[in-house]
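The chain contents come next:
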Amino acid sequence: MSLHRERKTRETQFNRIAEKAREKPEETFTSLAHYLTEEYLLESFKKLRKTAAKGLDGVGWYDYSKNLASNIASLHKRLRDKTYQAPDIRRVWIDKGNGKQRPLGISCIEDKIVQRAVTDILNLIYEQDFYDFSYGFRQECSAHQALKQLRDQCMRRKMRWVLDADIQGCFDNFDHGILRELLTRRIKDKNIMRLINQWLRTGVVDGTSMQRNTKGTPQGNIISPLMCNVYMHYVLDQWMDKTIRPLLKGACFIIRYADDFVIGFEYEEDARRVMQTLPKRMGKYGLTIHPEKSHLFEFVPENTGKRSTLDFLGFTHYWTKSQKGNNIIKRRTGKKGLHKAIQKIQDSCKYNRHLRLKEQYQLLCSKLRGLYQYYGIRGNFFSIKTLYQKAIHAWLYWLNKRSRHNSYTWKGFQELLKHFVLPKPKIVHWNV
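Rules used in this analysis
Residues numbered from 1 in each chain as written. Predicted model: local features only at pLDDT ≥ 70, side-chain atom pairs only at ≥ 80, totals over all residues. Heavy atoms only, no water. Core = buried A, V, L, I, M, F, W, Y, C linked by side-chain atoms within 4.5 Å. Buried < 20%, exposed > 50% of the residue type's maximum accessible area, 1.4 Å probe, protein only. Helix = DSSP H or I, 4+ residues; strand = E, 2+ residues; numbered from the N terminus. Pairing = 2+ DSSP bridges. Axes fitted to C-alpha atoms, helices over the stretch in contact; angles between N-to-C directions. Arc of directions from axis to C-beta. Polar contact = N/O pair within 3.5 Å; in protein donor to acceptor, adjacent residues only side chain to side chain. Contact = heavy atoms within 4.5 Å. Phe/Tyr/Trp six-rings, centres within 6.5 Å; stacked < 30°, edge-to-face > 60°. Lys NZ or Arg CZ within 6 Å of the ring centre and 35° of its normal. Disulfide = S-S within 2.5 Å.

Enquirer: How should I be thinking about the nonpolar core in this particular structure?
Expert: Within soluble globular proteins, side chains that are nonpolar generally end up buried alongside one another. In terms of nonpolar packing, the biggest core is built from 79 residues, with Leu32 and Ile196 touching the most fellow members. Counting 48 residues, the second largest nonpolar core, distinct from the first, contains Leu399, Phe413, Leu422 and Val432.

Given below as structure tokens:
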């Protein structure tokens, strides 16, 4: 069979899987691993980011591609013979922007291929199950859609009370036994479950020490966001929709992005009942609601209390007046998000100052465009203008740190910027 015909046949089969999952919510799938063909593994390899960090074996995308056909054939044979063993992952720490660090797991390139392939297959099924109010790490869903939905819900449906909840170390505290049980409600392919079990129990190497995972799923793994969504789908989404919503006196909404979620209520009584019940529900599944970072408050224009803003997905939401005098919700980059963005710019200038000017310029432009792409929403121009100004000053500062004898005056740097024009701040998302 030609590659083209094989691809067409697989697409038809995948469409049938998705259709079956949509039409039969209680159906379990027992035969999925046979879709991990050489051709499909090759496609999964091509989806990987070429410049991604390397795992413990030190093999990157370009290294693996040198003998791609034989490498994929070997990988496929081990998967087919059930001799494939997920390698240990490398742990790195990234700054969270509040003085704390978050652990990330870096898998080997071969394991990334398998995780990409398995994740895409499982998504065919779970995309039919997940609720519309779940936006994190899903196809055709984004943080900007979640932001728009939050604004629309608070403005149009007159939701007065908001529960802003924070789960402590969500990715690090999933109960493996519970997660397996939740997965088997839909997936009963032994080979797929064997791979997932390996990824859950994989060793994590941090410097010279190694520890075996007993709970949670490493952030940074390709399959981890899906595992998070599956866990939260049953623990929170389905519980809110099927159990809690019918018991409430008024309307409510929930918006979730991975482990970050906001629940809105029409009546205070409903809100307080859910707030009391939520920690018990999470505790039943090994998760903890942070008592200091979780808040229930009245989010309305006339609120004169201490808390009148809502922080969600890096933005601070607040009530203000439109030019016509109407009450509207606007968003600005949150203090934490702004500090983190500025730090990214400064780090880019600092750690790349040894490169040629053109290369520094290209990297800084890429960083700025990425920040505009996320934070460039209607009403937030002042924040992204601040990022632009910080980028100019950070670049000048670190250029002058390269050499005492070849430094730039402000006037000289302005001349340089005529040749290396940084992207101007602009609003990218007008309908958010």
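After that view of the structure, there is still more to cover.
Enquirer: Honestly, unusual backbone geometry in this entry has me stumped. Any pointers?
Expert: Generally, phi is negative for residues other than glycine and the peptide bonds are trans, each holding for most cases. Notably, Lys82 is not glycine yet its phi reads approximately 60°, a positive angle. Relative to the elements of secondary structure, Lys82 occurs in the loop between helix 4 (68-80) and strand 1 (89-95). In this structure Lys82 comes out as partly exposed when scored by relative accessible area, which is 45%. One non-glycine residue, Glu140, lies in positive phi territory at about 65°. Mapped onto the elements of the fold, Glu140 is located in the loop between helix 5 (109-129) and helix 6 (143-156).

Enquirer: Could you clarify how one ought to interpret the sheet that holds strand 5 (residues 209-212) in this entry?
Expert: Within a sheet, neighbouring strands are paired by backbone hydrogen bonds and run either parallel or antiparallel to one another. Ordered by their spatial adjacency, four strands build an open sheet running 2-1-4-5, and the pairing between neighbours is mixed. The open sheet has two edge strands, strand 2 (101-106) and strand 5, and neither has a second partner. Within the sheet, the average angular offset between the axes of one strand and its neighbour, ignoring direction, is 35°. The sheet contact formed by strand 1 and strand 4 (residues 203-206) spans two bridges and is parallel. Of the residues in strand 4, the one forming a bridge with Ile89 is Val204.

Enquirer: When you look at helix 7 (residues 176-183) in this model, what are you seeing that I'm missing?
Expert: Those residues of helix 7 not exposed but buried are His176, Ile178, Leu179, Leu182 and Leu183. Angularly, the buried residues of helix 7 cover 160° about the axis, an arc narrow enough to put them on a single face. Between the side-chain oxygen of the N-cap and the backbone nitrogen of Gly177 there are 2.9 Å, and the N-cap of helix 7 in question is Asp175.

Enquirer: What should I look at first to understand the sheet that holds strand 6 (residues 252-257) in this one?
Expert: The strand order across the open sheet formed by four strands is 6-7-3-8, and the pairing between neighbours is antiparallel. Single-partner strands in this sheet number two, and they are strand 6 and strand 8 (295-298). Strand after strand, the sheet turns through a mean of 15° between neighbouring axes, direction not considered. Two elements, strand 6 and strand 7 (residues 260-265), share six bridges in a ladder whose sense is antiparallel. Of the residues in strand 7, the one forming a bridge with Ile255 is Val262. Sitting on the sheet, helix 9 (residues 224-244) is in contact with strand 6 and strand 7, with an inclination near 175° to strand 6. Set on the sheet, helix 10 (residues 268-284) makes contact with strand 3 (161-166), strand 7 and strand 8; between it and strand 3 the angle comes to about 15°.

Enquirer: Would you take a moment to explain the packing of aromatic side chains for this structure?
Expert: Centre-to-centre distance and the angle between the planes together describe a pair of aromatic rings. Under the defined criterion, the tally for this structure stands at 22 aromatic pairs. Ring centres of Trp61 and Tyr62 lie 5.2 Å apart, and the angle between their planes is 75°; on these two criteria the pair is classed as edge-to-face. Cluster of aromatic residues (ring-pair linked, three or more members): Tyr361, Trp395, Tyr408, Trp410, Phe413 and Phe420. Positioned over the ring face of Tyr234 is Arg185, at 4.9 Å from the centre of the ring.

Enquirer: What's the story with the side chain of Asn352 in this structure? I'm lost.
Expert: Structurally, Asn352 can be placed in the loop between helix 11 (335-351) and helix 12 (357-375). Side-chain polar atoms of Asn352 contact the backbone oxygen of Ser348, separated by 2.8 Å.

Enquirer: I tried to follow the state of the cysteines on my own but got confused; where do I start?
Expert: Two cysteines whose sulfur atoms are joined by a covalent bond form what is called a disulfide. Applying the stated rule across the entire model yields zero disulfides. With no disulfide of its own, Cys141 lies 14 Å from the sulfur of Cys228, the closest cysteine sulfur. Residue classification places Cys141 among the partly exposed positions, given a relative accessible area of 23%. No disulfide involves Cys228; its nearest neighbouring cysteine sulfur is the one of Cys170, lying 4.7 Å away.

Enquirer: So what exactly am I meant to see when it comes to the environment of Gly334 here?
Expert: For Gly334, the position within the fold is in the loop between strand 11 (327-333) and helix 11. The class of Gly334 is buried, set by a relative accessible area of 6%. Sequence separation of Gly334 and Leu310 is 24 residues, and the distance between their C-alpha atoms is 9.6 Å. Dropping the residues within four chain positions of it, Gly334 is found in contact with Gly314, Phe315 and Thr316.

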